[in-house]
Amino acid sequence: SEETNYSEAVNYTITGIEPGAGITVTTEKAIEEYETLSGWELEQSSTAAMVTELEDAIKNEEPIVVTGWNPHWMFAKFDNIKYLEDPNGIYGDVEVIKSLARKGLKEDKPNAYKLIDQFNWSVEDMEGIMYEASESGKDIAEVAKQWVKDNPEKVKAWTEGVEDVDGVSIELVSTPWDSERSSANVVAEVLRQKGFDVTITPVDVAVVFEAIANGDADATLAAWMPMTHKDFYDEFKEDFVDMGANLEGAKIGLVVPEYMDIDSIEDLQA
Ligand code: PBE
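On a predicted model such as this, the values are computed, not experimentally measured, just so you know.

Visitor: Talk me through the packing of helix H7 (residues 123–136) against helix H8 (residues 140–150); I want residue IDs and the actual numbers.
Guide: Viewed as axis vectors pointing N to C, H7 and H8 meet at an angle of 130°, and their least axial separation amounts to 9 Å. One finds that H7 runs oblique with respect to H8. Here H7 runs over H8; the crossing is right-handed. When H7 is examined against H8, the residues Ile129, Glu132 and Ala133 are found in contact with a partner set consisting of Ile140, Val143, Ala144 and Trp147.

Here's what the structure looks like:
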């Protein structure tokens, strides 16, 4: 069948991203759970390499299966890609991105806590920054700074009741993807406007959770739940404060070009 051809054509390989990503862990689970993925391999490299391979495949109308997610500009840039259905629910349905604080932050730095707790935006906001940075070649930090200037209403809501401080230091830990570089840089800019001295430290997912749980960092805006970072979250959940979602409507899964005539992970062949 055609499905067999696709699976052979991609050499039973899913084109993945960095080894430390939540979606990498989740995809290893999917390979274990789906009979149709038995014998498949997840090729781990980098997000940039995955996007390049996807772009090349689309140019040549060749089949490819990648680990994909939203918010990301891949869905704006390539308007002909789709998620494969996931009837076993390994990747979940809808993800949210949560803010987590170290225990004691609320007492030690109440104004920073309040601002981070009030930070909340949309998939479109985040993707707008990511897409503009990727199209213009500008750094995310620069685009984020401009976004803060252009969105005074949102900034006003996040800073409501937040008093100015004089050089209180705040360390945000973040994962290295553009999505979290966007949120971290936006919130850092707003914190700086209120007088905070902000550091953003990019680390692996595991270290994000560990640093907050140990109190080595103050907060993160980068926890994808309920599926993407579940293992890390569960390991440390007694030792941090969950401040709730800062973004709703995120998603992860296996993504293919639309010209591949399949709909579901179950349409692949072992
Ligand atoms: N991602 C983007 C990350 C979180 C943000 C989906 C690639 C992951 O841990 O899988």
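Visitor: Any chance you could break down the environment of Trp69 for me, citing the residues and the numbers?
Guide: Along the polypeptide, Trp69 turns up in strand S3 (residues 66–70). Accessibility expressed as a C-beta count within 10 Å gives 25 for Trp69, which makes it buried. Along the chain, Trp69 and Asp239 lie 170 residues apart, while their C-alpha atoms are 28 Å from each other. Those residues in contact with Trp69, other than ones at most four positions away along the chain, are Ile23, Lys251 and Ile252.

Visitor: Give me the site of the ligand: which residues, what numbers.
Guide: Inspection of the region around the ligand gives 13 residues, with Ala21, Gly22, Ile23, Trp69 and Trp177 positioned closest. For the shell around the ligand, the secondary-structure elements that each account for two or more residues are helix H2 (22–33) and helix H10 (178–193). Tallied by class, the residues present in the shell around the ligand amount to eight nonpolar, four polar and one charged. Counting contributing residues per domain, the shell around the ligand is built from domain 1 (2–92 + 252–267) and domain 2 (95–250), each supplying no fewer than three.

Visitor: So what's going on with the domain arrangement of the protein? Residues and values would help.
Guide: Taken as a whole, the protein is organised into domain 1 (2–92 + 252–267) and domain 2 (95–250). The C-alpha-based centres of domain 1 and domain 2 are spaced at 28 Å. Each partner contributes to the interface: domain 1 provides 15 residues, whereas domain 2 provides 19 residues. The element best represented in the side of domain 1 that touches domain 2 is H2, accounting for four residues.

Visitor: Let's hear about the packing of H8 against H10: which residues, and what values?
Guide: Look at H8 against H10: their axes get within 8 Å of each other, and the N-to-C directions meet at 50°. With respect to H10, the element H8 is oriented oblique. You can see that H8 and H10 cross each other, and the crossing is right-handed. Residue-level contacts link Ile140, Ala141, Ala144, Lys145, Trp147 and Val148 of H8 to Asp178, Arg181, Ser182, Asn185, Val186, Glu189 and Val190 of H10.

Parameters and conventions
Residues numbered from 1 in each chain as written. Predicted model: local features only at pLDDT ≥ 70, side-chain atom pairs only at ≥ 80, totals over all residues. Axes fitted to C-alpha atoms, helices over the stretch in contact; angles between N-to-C directions. Helix = DSSP H or I, 4+ residues; strand = E, 2+ residues; numbered from the N terminus. Parallel < 35°, antiparallel > 145°, perpendicular 65-115°, else oblique. Left-handed = near helix turned anticlockwise from the far one by under 90°. Contact = placed C-beta atoms within 7 Å. Buried ≥ 20, exposed ≤ 12 C-beta atoms within 10 Å, placed from the backbone. Near = placed C-beta within 6 Å. Nonpolar A, V, L, I, M, F, W, Y, C, P; charged D, E, K, R; others polar. Domains from an automatic or database assignment.

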